[in-house]
Amino acid sequence: MHEKIITIMAKHGIHTRPAAMLVKAAKNYECDVIVECNGKQASAKSLFKLQNLGLYHGVTIKIFAVGPEAEHAVEKISELIITLN
């Protein structure tokens, strides 16, 4: 398992469009990618579940993954979230 904690800096948080980008990126990896926010967890491969986490500007989240590409998946998805505007 690999994990990383980051803060959402996107002005409008992770709403539908950036969440869809996140899902698309997560589906490229052969591992389970999970986003945890305020004690709730959701698969990064599910747009509906991500939208129910409350991924607002300034919120700290944990991204973790289990599987063969876990480390690479966490790093790339973290980078994507950090660069969202």
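As the structure is a computational prediction, the values presented were derived from the model and not from experiment.

As for the sheet that holds strand S2 (residues 32–37)
Taken in spatial order, the four strands line up as S1-S4-S2-S3 in an open sheet, and their pairing is antiparallel. Edge positions in the open sheet fall to strand S1 (2–7) and strand S3 (40–43), since each of these has one partner strand only. Strand-to-strand twist across the sheet, computed as the mean angle between neighbouring axes with direction ignored, equals 25°. Pairing between S1 and strand S4 (residues 60–66): six bridges, direction antiparallel. For Ile5, the partnering residue across the bridge sits in S4 and is Lys62.

Brief notes about unusual backbone geometry
Phi is positive for Asn38, which is not a glycine, with a value near 50°. Looking at the secondary structure, you find Asn38 in the loop between S2 and S3. Classification of Asn38 as exposed rests on a relative accessible area of 64%.

Description of the environment of Glu36
Residue placement: Glu36 occurs in strand S2. Note on Glu36: relative accessible area 23%, which makes it partly exposed. Along the sequence, Glu36 and Thr60 sit 24 residues apart, while their C-alpha atoms lie 9.0 Å from each other. Excluding residues that lie within four positions of it along the chain, Glu36 makes contacts with Gln41, Ile61, Lys62 and Phe64. Only 2.8 Å separates the side chain of Glu36 from the side chain of Gln41, close enough to count as a polar contact.

Definitions and cut-offs
Residues numbered from 1 in each chain as written. Predicted model: local features only at pLDDT ≥ 70, side-chain atom pairs only at ≥ 80, totals over all residues. Heavy atoms only, no water. Pairing = 2+ DSSP bridges. Helix = DSSP H or I, 4+ residues; strand = E, 2+ residues; numbered from the N terminus. Axes fitted to C-alpha atoms, helices over the stretch in contact; angles between N-to-C directions. Buried < 20%, exposed > 50% of the residue type's maximum accessible area, 1.4 Å probe, protein only. Contact = heavy atoms within 4.5 Å. Polar contact = N/O pair within 3.5 Å; in protein donor to acceptor, adjacent residues only side chain to side chain.

These figures capture arrangement, not role.
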